[in-house]
Amino acid sequence: MNSTLPNPQGLAKRIRTAWAAAALAACTACAQTNPVELVAHRGGFLQFPENTCASFQACSGLVAQMEFDVRATADGELVLMHDETVNRTTTGFGTVTNVDQLTLAEIKTFDAGARFSPAYAGERVPTLAEAVRALPPGMKGMLHRKTGSAAAIVSVLRAENALSNITICCDFYEFLVQVRQLEPALKICAIGSGVPATNSLAWFQRMGITNLSWEKTGLSPEAVQLIHSYGSRLYAWSVSAPEIDALVDFGVDGLIVDHPANASAWVRAVPPTNEQLSRSLTAYWKLDNGLLDLASAVADDVETNSPGQLSGFAGPPAWLPPEESRSGGALRFDGLSARVLVPASPVLNLGTNTVTLSVWVKLDQLPSALSNSYACIYGSDTDGYVLYLDRAARELRFKVTDVLLQAARPGIPEAQLQTGVWHHVAGVYNGAAGVGAGQAMIYLDGRVRDVHTGSDDLASTGLKANVRGQRAAIGAKGTLAGSNFAGAVDDLAIWRRALEPVEIKSIYQAGASNAPLEKNNHARPDRERLPRPGNR
């Protein structure tokens, strides 16, 4: 990414008059309270064929803006393509595949939809003019310039009468200055990453660049506040649905999303009822047996499929009373040999490429303080779907392994964890998250903390097959010795589906109010139904 600032001396004077009125209007608009705006990244490439007219039409009603990438061909035409070559997204192949070495006529022979899905076979790479015309009524465009001159791009937008409908984005800021000089009416947007620097923000302000597209990991509440103090409107990229919560709370103005339907559904989500939340619930250990019998060696499964057997406890089982639990009772593990063995059960060999593992946990140690390499909160001999502390990584991790032995390990850094307090942790795997790759993510206290797309060993591809079967245990690595967990566990549940972000949030908010998951709102008259978080 080229984020070198051109020398501002003289440039500001040459263009200040031209953009002053537009900049003032934009800054005024930024000062107003606006709802978060959704933008489809590359046309929503996880859901639709990337950078195509078909994706533009399919996103109608899901997003307010369409982000797309523009490159120049060998004969000077402007087409939509993210990569330097056509290989990844089209049927183009051979010795010459670079966009800038192919003519428009050659590029038009390639299929831009078939690689994504047979349903989109025959879709062609659009020109910039065709893309502008394909925008649904009321939808604006966010043009990410990869190559092509400012003059050529401005000329097409003028010819299509699209100056008011398109924002031009680039990480080469001199190019944005050229666009501003050619056409002051066009909105321009600087693409950046890392922690925003005040000198850059001041330069953007002087140049009239009042829109910023910023990589999400460089953002924080303080960074967003700083950006807004310079009068800029801020878009975060590229965002998955579970990450929306935190970024909205940061105060961003827009979200550039890879899967428009998921993001739109999250923004509009209605919190689930208890009946909806219990759909595909496979096992649920409340760990309340000690409330009736402190000597109980059984951990009942509410689903009745997989009652756990306590093993390795020195003396009576360490059942906890309500005042020391998250909800009802809980169970403490000594980190030595204590565990709850989960019986081998067909229902826990899920036979699906989706799973959710949810638990309340109180840590005695942070990962870096472990005497062993790992400590398993819910572990197994084959690591099908597990939660554990990793000393070397200094993380609490969710690991999922599919039947092809492809795995992902999203983690929570120990800096976000505390000992001696109850945390809600959830791991979610969805092998159908994308066409070429599944997705694994981990939540802490209702918010996603890490997302891995594809297998950790395959560079964002793979991890789509069914979850691997396993023999599991709470507090240990299945039946194996070592890797035992020290701390308390409460309300551990497994679903055969990937729970939505709003469902994870509901579980967290319920537990924070000392309410367990209940399958039936009226099953326990002494329990209230799960709290329903407010809508956004």
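Residues numbered from 1 in each chain as written. Predicted model: local features only at pLDDT ≥ 70, side-chain atom pairs only at ≥ 80, totals over all residues. Heavy atoms only, no water.

Topic: the overall build of the protein chain
So, step 1. Along its length, the protein chain carries 12 helices and 26 strands.
So, step 2. For the protein chain, the proportion of its 536 residues judged to be buried stands at 56%.
So, step 3. Counting only contacts in the protein chain whose residues sit at least 6 apart along the sequence, the fraction spanning at least 24 positions is 64%.
So, step 4. Just so you have it, the protein chain exposes about 21,500 Å², and 51% of that area is on carbon and sulfur atoms. (Helix = DSSP H or I, 4+ residues; strand = E, 2+ residues; numbered from the N terminus. Buried < 20%, exposed > 50% of the residue type's maximum accessible area, 1.4 Å probe, protein only. Contact = heavy atoms within 4.5 Å. Areas by Shrake-Rupley, 256 points an atom, 1.4 Å probe, with all protein chains shown as cover.)

Brief notes about the pattern of salt bridges
So, step 1. Scanning the entire structure with this criterion turns up 18 salt bridges.
So, step 2. Its salt-bridge partner being R332, residue D364 comes within 3.0 Å of it at the nearest N-O pair. Of the two residues, D364 sits in the loop between β16 (354–363) and β17 (374–380) while R332 sits in strand β14 (residues 330–334), which places them 32 residues apart along the sequence.
So, step 3. Exposure remark for D364: the relative accessible area of 39% places this residue in the partly exposed category.
So, step 4. Its relative accessible area of 28% is what places R332 among the partly exposed residues.
So, step 5. The residue D456 makes a salt bridge to R409 at a minimum N-O spacing of 3.4 Å. Of this pair, D456 sits in the loop between β24 (447–453) and β25 (472–474) while R409 sits in the loop between β20 (407–408) and β21 (411–413); the two residues are 47 residues apart in sequence, bridging distant segments of the chain.
So, step 6. Note on D456: relative accessible area 31%, which makes it partly exposed. (Salt bridge = Lys/Arg side-chain N within 4 Å of Asp/Glu carboxyl O.)

Looking at the confidence of the model for the protein chain
As a general rule, the predicted coordinates of low-pLDDT regions are not to be interpreted in detail.
So, step 1. When pLDDT is averaged along the protein chain, the result is 88, and 90% of the positions lie at 70 or above.
So, step 2. For residues 6–34, every residue scores under 50 in pLDDT, and the model assigns this stretch 34 contacts once sequence neighbours within four places are set aside.
So, step 3. The model gives residues 520–536 a pLDDT under 50, and that stretch makes 39 contacts with residues more than four places away or in other chains. (pLDDT = per-residue confidence, 0-100.)

Considerations on the pairing of strand β4 (residues 140–145)
Moving residue by residue along a regular strand, the side chains alternate between the two faces of the sheet.
So, step 1. Burial analysis of β4 places five of its six residues in the buried class, which makes it a mostly covered element.
So, step 2. Summarising the sheet, strand β2 (residues 65–72) and β4 pair through six bridges and their orientation is parallel. Looking at the pairing, F68 lines up with L143 of β4.
So, step 3. As judged from the four bridges shared by β4 and strand β5 (residues 166–170), these two strands associate in the parallel manner. Following the sheet pairing, G141 is matched in β5 by I166. (Pairing = 2+ DSSP bridges.)

A short note on helix α10 (residues 260–267)
Every α-helix winds through 3.6 residues per turn, so residues three or four apart in the chain are directed the same way.
So, step 1. All of the buried residues in α10 are P260, A263, S264 and W266. Angular distribution of buried residues about the axis of α10 spans 160 degrees; they occupy a single face of the element.
So, step 2. Buried-residue contacts for α10 involve β1 (37–40), α9 (244–250), β9 (254–257) and α12 (501–512). (Arc of directions from axis to C-beta.)

Section: the environment of G420
So, step 1. As for its position among the elements, G420 is in the loop between β21 and β22 (422–430).
So, step 2. The spatial distance from the C-alpha of G420 to the C-alpha of Q365 is 8.5 Å, given a sequence separation of 55 residues.
So, step 3. Once residues within four sequence positions are removed from consideration, G420 is found in contact with K362 and L363.

As for the environment of V451
So, step 1. Assignment of secondary structure puts V451 in strand β24.
So, step 2. V451 sits 208 residues away from E243 along the chain, and the two C-alpha atoms are 9.0 Å apart.
So, step 3. Non-local contacts of V451, meaning those with residues more than four positions away in its chain, are made with S240, E243, Q439, A440 and M441.

What about the packing of aromatic side chains?
So, step 1. For the coordinates displayed, the defined rule picks out nine aromatic pairs.
So, step 2. Between F313 and F333, the aromatic rings sit 6.0 Å apart at their centres with planes inclined by 45 degrees, giving tilted as the arrangement. On the criterion of sequence distance, the pair formed by F313 in the loop between β12 (308–311) and β13 (319–320) and F333 in strand β14 is long-range, its members being 20 residues apart. Accessibility classification places F313 together with F333 in one group, the buried group.
So, step 3. Centre to centre, the rings of Y374 and Y388 are 5.8 Å apart; their planes meet at 75 degrees, and the pair counts as edge-to-face. Of this pair, Y374 sits in strand β17 while Y388 sits in strand β18 (residues 385–390); the two residues are 14 residues apart in sequence, bridging distant segments of the chain.
So, step 4. Judged by its relative accessible area of 39%, Y374 falls in the partly exposed class.
So, step 5. Linked through ring pairs, Y173, W203 and F204 together constitute an aromatic cluster. (Phe/Tyr/Trp six-rings, centres within 6.5 Å; stacked < 30°, edge-to-face > 60°.)

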